[in-house]
Amino acid sequence: MPQPTQPKWALVAHGGAGAIVRGDLTPEQEAVYREAMATAANAGAAVLRAGGSAMDAVEAAIRVLEDDPLFNAGRGAAFTAEGRNELDASIMDGRNLAAGAVAGLTTTRHPISAARAVIEGSTHVLLGGEGADAFARSQGLEQVEPGYFFTEERWRSLEKALGKLGLAVPPKPAGAAPPSGKAALVHEEGKYGTVGVVARDHRGDVAAGTSTGGTNAKRWGRVGDSPLIGAGTYASNTACAVSCTGAGEYFIRLGVAHRICDLVEHAGLTLQAACDRVVQHQLTALGGAGGVIAVAPDGAMAWSFNTSGMYRARVADGEPLAVSIYKDEI
Ligand code: ASP
């Protein structure tokens, strides 16, 4: 990836990796995905441009993606086999390794803000299930009916997956929203669709965040890599900030996000080389599919994925916003 020279700030975002092949998306679908990635990246860039912190930029951009039904995070999340949405998220501050995460949320509108609240309002790193929603509520975070997260398109993906497994389709959740204009353009990109953002602010601090509905038709209670610090998310000013998307079970076993930071810090690899080594070699060798985005304290940006596509965007001080989807794009 071409790099700007020592940018004051930099941000990279992903909207999930998977089977996204040129020609699979209609021109209309492609346009809405590109626009959605641009809107989220711009929301984060606005924070950084105004002198805000990497943490604030990551949270702001992810909240936009969580509200967008195109992505498997917040509204538009994938369903468990029981027909529920269980949301996971994490965020990490490279300045001091402060980290917060939530798993299995069902009523909190913005899981990424709940993850951040874990840092700021508790002495813990990871909260799960009902306790995590109760904590988010106690921190004043907006609560919604579980039906708020529902989209007809993700429900159809669930029906398909359950059909293949020979399992019965559960009743739709109460309050399920009727098909909406934008959600009808969701592209079924395989199992993934998590969102993540990494940023470097004008002070040189880095941060990373990830938010997801998890994998389609997952068992209830299943937790993937996204809320696990070191697996789906990691940030350290001594190395880099990383957010992952893909088959979580493989990312957990490799500790992908931390492994990339380790290679940068202790093996002297460039950010891009570290991402490629872990994704193209180690993850692929283990049989896992997915991708990563990363940013370093010097402003270097990188991404790497072994799927046919990954929704992604990058923007830096002095470098215009670039959005790409397919493998053959920059
Ligand atoms: N990594 C996520 C998980 O396993 C899924 C995704 O990236 O879409 O929960």
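Higher on the page you've got the structure.
What you see is a predicted model, and the numbers here were worked out from it, not measured in a lab.

Enquirer: I'm lost on the site of the ligand in this one. Help?
Expert: Close to the ligand lie twelve residues, the nearest being T194, R222, D225, T245 and G246. Contact between the ligand and T194: an oxygen atom at 2.6 Å from a side-chain N or O atom of the residue. Between a nitrogen atom of the ligand and a side-chain N or O atom of D225, the distance comes to 2.6 Å. Considered on its own, the ligand offers 270 Å² of accessible surface; in the complex 100% of this is hidden by protein. Here the shell around the ligand is built from residues that sort into one nonpolar, nine polar and two charged.

Enquirer: I would appreciate a short explanation of the packing of aromatic side chains in the present structure.
Expert: The geometry of two aromatic rings is summed up by the distance between their centres and the angle between their planes. Across all of its chains, the model carries seven aromatic pairs by this definition. With a centroid separation of 4.3 Å and an interplanar angle of 5°, the aromatic rings of Y33 and Y311 are classed as stacked. Taken together, the positions of Y33 in helix α1 (residues 27-49) and Y311 in strand β11 (residues 309-316) put the pair 278 residues apart, joining distant regions of the chain. Neither Y33 nor Y311 differs from the other in exposure class; each is buried. When the centroid spacing of 6.3 Å and the interplanar angle of 85° are considered together, the rings of F71 and Y311 count as edge-to-face. With F71 in the loop between α2 (54-67) and β2 (87-93) and Y311 in strand β11, the pair connects residues that are 240 residues apart, well separated along the chain. For F71, a relative accessible area of 1% gives the class buried. Within the aromatic cluster, the residues linked to one another by ring pairs are Y33, F71 and Y311. Above the ring of Y148, the side-chain terminus of R75 is found at 6.0 Å from the ring centroid.

Enquirer: Explain the nonpolar core here, please?
Expert: One recurring pattern in soluble globular proteins: nonpolar side chains tend to sit buried together. The biggest cluster of nonpolar side chains holds 54 residues, and the ones touching the most others in it are L11, Y33, M37, L70, F71, V102 and V197. Top element by residues in this core is α1. It accounts for nine residues. Contacts of L70, omitting those with residues within four sequence positions, involve V32, Y33, A36, R154, K182, L185 and V186. Counting 42 residues, the second-largest nonpolar core is a separate cluster that includes V198, F251, L254 and A294.

Quick notes on the rules
Residues numbered from 1 in each chain as written. Predicted model: local features only at pLDDT ≥ 70, side-chain atom pairs only at ≥ 80, totals over all residues. Heavy atoms only, no water. Near = heavy atom within 4 Å. Polar contact = N/O pair within 3.5 Å; in protein donor to acceptor, adjacent residues only side chain to side chain. Areas by Shrake-Rupley, 256 points an atom, 1.4 Å probe, with all protein chains shown as cover. Nonpolar A, V, L, I, M, F, W, Y, C, P; charged D, E, K, R; others polar. Phe/Tyr/Trp six-rings, centres within 6.5 Å; stacked < 30°, edge-to-face > 60°. Helix = DSSP H or I, 4+ residues; strand = E, 2+ residues; numbered from the N terminus. Buried < 20%, exposed > 50% of the residue type's maximum accessible area, 1.4 Å probe, protein only. Lys NZ or Arg CZ within 6 Å of the ring centre and 35° of its normal. Core = buried A, V, L, I, M, F, W, Y, C linked by side-chain atoms within 4.5 Å. Contact = heavy atoms within 4.5 Å.

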